[in-house]
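# Coordinate inspection notes
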Amino acid sequence: MAATTLPPTSTDATVPVQRDTTPKGLRWWRELGWRHVVTVAVLAFAFVPILYVVSSSLNPTGSLTGSNRLFSSISFDNYVELLTDPVHPYARWFVNTIVIATTTSVGTVLLGAAAAYAFSRFRFAGRRGGLLSLLLVQMFPQVLAYVAIFLLLVTLRDVFPAIGLGSQLGLILVYLGGALGVNTYLMYGFFNTVPKELDEAAKIDGASHAQIFFGIILRLVAPILAVVGLLSFVGVFSDFLIASIVLVDPDAQTLPVGLYQYVSQRFSEYWGVFAAGAVLAAIPVVLLFQFLQRYIVSGLTTGAVKG
Amino acid sequence: MTDTSTRPARTDSPAPPPGPPGRATGGSWWSRQEMTRGFWVKLVLVALVDALGVYGVLAAAALAQWGIVAFLAVALVVVNVVYFSKRMMPAKYLVPGLLFLLVYQVFVVLYTGWTAFTNYGDGHNSTQADAVEAILVQNETRLPDSPSYPLTVILSGDELGFAVVDTEGEAQVGTADEPLHRTDDATVEGGRVTAVEGWETLQFAQVLERQDEVFALRVPFSDDPNDGSVRTPDGSTGYVYVSTMEWDEAAGTITNTATGDVYTADQEVGSFVSEDGTELGTGWKVFVGLDNFTRVFSDSTLAGPFVGVLLWTFAFAILSVATTFGLGLFMAIVLNHPKVRGRKVYRSLLIVPYAFPAFLTALVWQGMLNRDFGFVNATLLGGASIPWLTDPWLAKIAVLVVNLWLGFPYMFLICTGALQSIPQEIYEAGKIDGAKPWRMFRSLTMPLLLVSTAPLLISSFAFNFNNFNVVYLLTEGGPDDLSAPVDVGATDILITFVYRLAFGGVNRQYGLACAVSILIFLIVASISAATFRKTRALEDLI
């Protein structure tokens, strides 16, 4: 484990450094300087692929070989080609993905929050058992059952064409099947940190159950809702496996399915166009992360970690 | 919440205790509902659900999908009872999520389990009756002495049909789904049908336009598949095609009339088998018990690759957790010093890979690691020609590195949070006891950190055990092992192996794929359960 190679000063932010007689520069280096060097090195590892793909997308030669000198020339040809290629409806994929991911994450947040609220606020028979079985069900993730999902959707196609194989609504419903589970746990931990006296006071003031839930509780747990919504959005945004099985028609496909076919069909000579597609696809998620960053950190740590 | 604790709802089962809404004492059910705005919203929503549900029941009943009918009926009753009851508060919050969970997780898991015990797959995907029909159709030929009929191609909507004049001069009409039958709606002029009520008759030019469909169309001659079908090679004359196979329903055998071979229905393997053991291509779905599971371990063509994949899956999952946690923790500690300038900037930059969608990462790295043109070889290594993705061992390393790139920011976030939640007083105490920093890291930081992150490490292990995206999108499981008797590659983990079995090649083996899925589940679940027990994480959680 990399952590074992740590110099001793690393863990003790608060323990005062022992007064010694080493020169100031060396002391700065031992305490802080190496931290900057290490961080910059790791940042290089983290950013090379991103710089590379941005550079490729702007490189008019468009091939894999031509993309190796970063930012050697800049044009937007690849983006134009990407959005005008009639065989690969990138704009459609993009819209499909955003719509599917947004709907799923909103649904996941509502379903998950409602369940977590029930587990956190009510005491009922089967509560403990319910929590445990959620955990058990979650151990058999949907990705393992994709063969059965495929077979189920084949049957549903005959009964309800709108939610069967090939339908985007059907795919959303499949994703919502995973709304409870890990999400419920993350939220459950967070709901427990909101004092019960709040909802009891609201009840005395005459608020209905629905008013308490939507008006008070959901507002107080906003950070964890943001985290769950984001994780679900990103999960759906990145899902290749189930989407590739369910969405057959090219016009209905999502970015992972579409871009994968792009790459697998005509790899190296269309690299620039693919890179442009990758950059555009990454933008919404990266922006969302930056926007919700403070929620993510507090949500992940409060919900999951018992301090 | 005393009102809810007095009458508990059973949330661990799909059906809470039923009770007609109007049975409680004191006034009618209607007058006891509060007529608030919320009530009307509820009424509209439940009415919508009911309407959809009833539509579903009717549609499913029309197709004789009784399982769906039963599920929808129960679900409708549950929804109505729960939302119009004054009690069962927890159920009101749980039912929507539980319904989705039941269909798309619990049911599909059970269905996976059931399919694992069948021979479901290509060649075995339907009932015996369908298999008989398929076998007869595949072996149909035009008899040299078969009668010919004047034929007219007819069209209704998108459906093509044939109208013929039989030997007695009567008109008969039929489609692919409906065998030929006599009709009084047809007009016969000059020995051929010129018009059929409700159908459009196609002229020669129109037939040419859709000739592929017309020539492929086969209209069953009668309800008995042994009678064969009518087809047309030119759009104006119909010939009877009869199968060289003959189905004897009473004996359960199919006889090849040309060679005289007799194939008997074998319910054990779901195929028609002759005495010398040859199977006809199309079979049907049967229950095969533990065959799929025993095949995985004893079938020599499958057992070797399976064990190889299993070992690599463990190695991949363990190394992924170890490397990402190692780098994430290391970076968290590096930046957990109040005097480091720009900590905030560093932190938000470090999590950028986490924000980069995983499928893109794999595809981008696939380009970067290309042996001849990729950035890593051509630029970073100055024109080296290292086969990153085509050498079995290097491909494994590549998958791990890409997964490290993807995963360390998450661990970094978690560890940062966990480090900050460790109370600083214990370090003061440790200092008083004379502990050196390294000792404090080992005896204070690590144990406290592991207590809070262990559940996440377990779920990270489980996630990576099934990390389809990284492996499939980077290498497709390859480089393929061409010497192996089954379709398998060096970086295939179990989940991509399942994908190959189910959707990969020409021979889809759903039953076998599901059996491997079940094995993956058993492995992950037992490891998780054992570790959870050890860390007592469950007790902490509830």
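None of these values were measured; they are calculated from a predicted model.

Counting secondary structure elements, chain B contains 21 helices and 15 strands. For chain B, the C-alpha radius of gyration of 33 Å lies well beyond 24 Å, the compact-globule estimate for 542 residues. Each of the three principal axes of chain B carries a C-alpha extent, and together these read 110 × 85 × 50 Å. Residues counted as buried form 49% of the 542 residues belonging to chain B.

Our focus in this paragraph is the interface of chain A and chain B. Each partner contributes to the interface: chain A provides 119 residues, whereas chain B provides 125 residues. For the pair chain A and chain B, the summed buried area comes to about 11,100 Å², and 77% of that belongs to carbon and sulfur atoms. In terms of residue count, helix α1 (residues 24-58) of chain A provides more of the side of chain A that touches chain B than any other element does, 18 residues in total. Considering only residue class, the side of chain A that touches chain B consists of 88 nonpolar, 22 polar and nine charged.

Moving on, we get to the domain arrangement of chain B. You can read the domains of chain B as domain 1 (35-114), domain 2 (140-281) and domain 3 (295-538). Centre-to-centre separation of domain 1 of chain B and domain 2 of chain B, based on C-alpha positions: 44 Å.

Quick look at unusual backbone geometry now. Residues and elements named next belong to chain B. Phi angles above zero are rare outside glycine, and Ala64 is one such case at about 60°. Tracing the backbone shows Ala64 in the loop between α3 (37-62) and α4 (66-84). With a relative accessible area of 43%, Ala64 lands in the partly exposed category. Unusually for a residue other than glycine, Glu476 sits at a positive phi of about 55°. Topologically, Glu476 is positioned in the loop between α18 (468-475) and α19 (494-504). Overall, Glu476 belongs to the partly exposed group, its relative accessible area being 37%.

A cluster of nonpolar side chains, A:Leu26, A:Trp28, A:Trp29 and A:Val37, forms an exposed patch at the surface whose accessible area comes to about 420 Å². Within the element layout of this structure, A:Leu26 appears in helix α1.

Turning to the packing of helix α5 (residues 146-159) of chain A against α19(B), a few remarks are in order. The axes of two packed helices give the description: the angle between them and the distance between them. Look at α5(A) against α19(B): their axes get within 10 Å of each other, and the N-to-C directions meet at 35°. Between α5(A) and α19(B), the contacting residues are A:Tyr146, A:Val147 and A:Phe150 on the first element and B:Ile495, B:Val498, B:Tyr499, B:Ala502 and B:Phe503 on the second. Split into classes, the residues belonging to the contact of α5(A) with α19(B) amount to eight nonpolar, no polar and no charged.

All names here are of chain B. Along the chain, Val399 falls in helix α15 (residues 392-420). Looking at Val399, the relative accessible area reads 0%, which means it is buried. Sequence-distant contacts of Val399, defined by excluding residues within four places in its chain, comprise Phe316, Val470, Val471, Leu474, Thr475 and Thr491.

Right, let's get into the pattern of salt bridges. All names here are of chain B. Under the counting rule described, the total for this entry stands at eight salt bridges over all chains. As a salt-bridge pair, Asp299 and Arg295 come within 3.6 Å of each other at their nearest N and O atoms. A relative accessible area of 23% places Asp299 in the partly exposed class. Across the pair Arg500 and Asp480 runs a salt bridge whose closest N-O atoms are separated by 3.0 Å. Within this pair, whereas Arg500 is found in helix α19, its partner Asp480 is found in the loop between α18 and α19, the two being separated by 20 residues in sequence. Each of Asp480, Asp487, Asp492 and Arg500 takes part in a single network of salt bridges with overlapping partners.

With the rule as written, the count across this model stands at 49 aromatic pairs over all chains. Summarising the aromatic geometry, the rings of A:Tyr146 and B:Tyr499 are spaced 6.0 Å apart at their centres and angled 55° between planes, so their arrangement reads as tilted. Of this pair, A:Tyr146 sits in helix α5 while B:Tyr499 sits in helix α19, on two different chains. Residue classification places A:Tyr146 among the buried positions, given a relative accessible area of 1%. Between B:Phe461 and B:Phe465, the ring centres sit 5.6 Å apart and the planes meet at 45°, which makes this aromatic pair tilted. Taken as a pair, B:Phe461 and B:Phe465 lie in helix α17 (residues 437-465) at a separation of four residues, close to a single helical turn. An aromatic cluster of three or more residues is present, and its members are A:Tyr146, A:Phe150, A:Phe240, A:Tyr260, B:Tyr120, B:Phe468, B:Tyr472, B:Tyr499, B:Phe503 and B:Tyr510. Above the ring of B:Tyr241, the side-chain terminus of B:Arg231 is found at 4.9 Å from the ring centroid. In this structure, B:Lys396 is placed above the aromatic ring of B:Trp393, and the distance from its NZ or CZ to the ring centre is 4.7 Å.

Residue and element names in this part refer to chain A. Across chain A, the average pLDDT comes to 82, with 88% of residues at or above 70. Confidence drops under pLDDT 50 across residues 1-13; counting only partners more than four residues distant or on other chains, this segment forms 28 contacts. In this model, residues 303-307 is a region of pLDDT below 50 whose contacts with residues beyond four sequence positions or in other chains number 16 contacts.

Along the polypeptide, B:Thr112 turns up in helix α5 (residues 89-115). In terms of polar contacts, B:Thr112 uses its side chain to reach the backbone carbonyl oxygen of B:Val108, at 2.6 Å. Ignoring sequence-local partners within four residues, the contact set of B:Thr112 consists of A:Phe140, A:Ala145, A:Ala148, B:Cys514, B:Ser517 and B:Ile518.

Bringing the sheet that holds strand β12 (residues 245-248) of chain B into the picture now. Residues and elements named next belong to chain B. Within the open sheet, the four strands sit side by side as β12-β13-β14-β15. Their pairing is antiparallel. At either end of the open sheet lies a strand with only one pairing partner, and these are β12 and β15 (271-274). Here the average twist between neighbouring strands, direction ignored, is 30°. As paired strands, β12 and strand β13 (residues 253-256) are joined by four bridges and run antiparallel to one another. Across the sheet, Glu246 pairs through a bridge with Thr255, a residue of β13. Here helix α6 (residues 128-138) sits on the sheet and contacts β12, β13, β14 (262-266) and β15; the angle it forms with β12, its principal contact strand, is near 155°.

About the thresholds
- Residues numbered from 1 in each chain as written.
- Chains lettered and ligands numbered in written order.
- Predicted model: local features only at pLDDT ≥ 70, side-chain atom pairs only at ≥ 80, totals over all residues.
- Heavy atoms only, no water.
- Helix = DSSP H or I, 4+ residues; strand = E, 2+ residues; numbered from the N terminus.
- Rg over C-alpha atoms; globule rule 2.2 N^0.38 Å.
- Buried < 20%, exposed > 50% of the residue type's maximum accessible area, 1.4 Å probe, protein only.
- Contact = heavy atoms within 4.5 Å.
- Buried area = accessible area lost by both parts, 1.4 Å probe.
- Nonpolar A, V, L, I, M, F, W, Y, C, P; charged D, E, K, R; others polar.
- Domains from an automatic or database assignment.
- Patch = residues over 30% accessible without salt bridge, like charges linked within 9 Å, V, L, I, M, F, W, Y side chains within 5 Å.
- Areas by Shrake-Rupley, 256 points an atom, 1.4 Å probe, with all protein chains shown as cover.
- Salt bridge = Lys/Arg side-chain N within 4 Å of Asp/Glu carboxyl O.
- Axes fitted to C-alpha atoms, helices over the stretch in contact; angles between N-to-C directions.
- Phe/Tyr/Trp six-rings, centres within 6.5 Å; stacked < 30°, edge-to-face > 60°.
- Lys NZ or Arg CZ within 6 Å of the ring centre and 35° of its normal.
- pLDDT = per-residue confidence, 0-100.
- Polar contact = N/O pair within 3.5 Å; in protein donor to acceptor, adjacent residues only side chain to side chain.
- Pairing = 2+ DSSP bridges.

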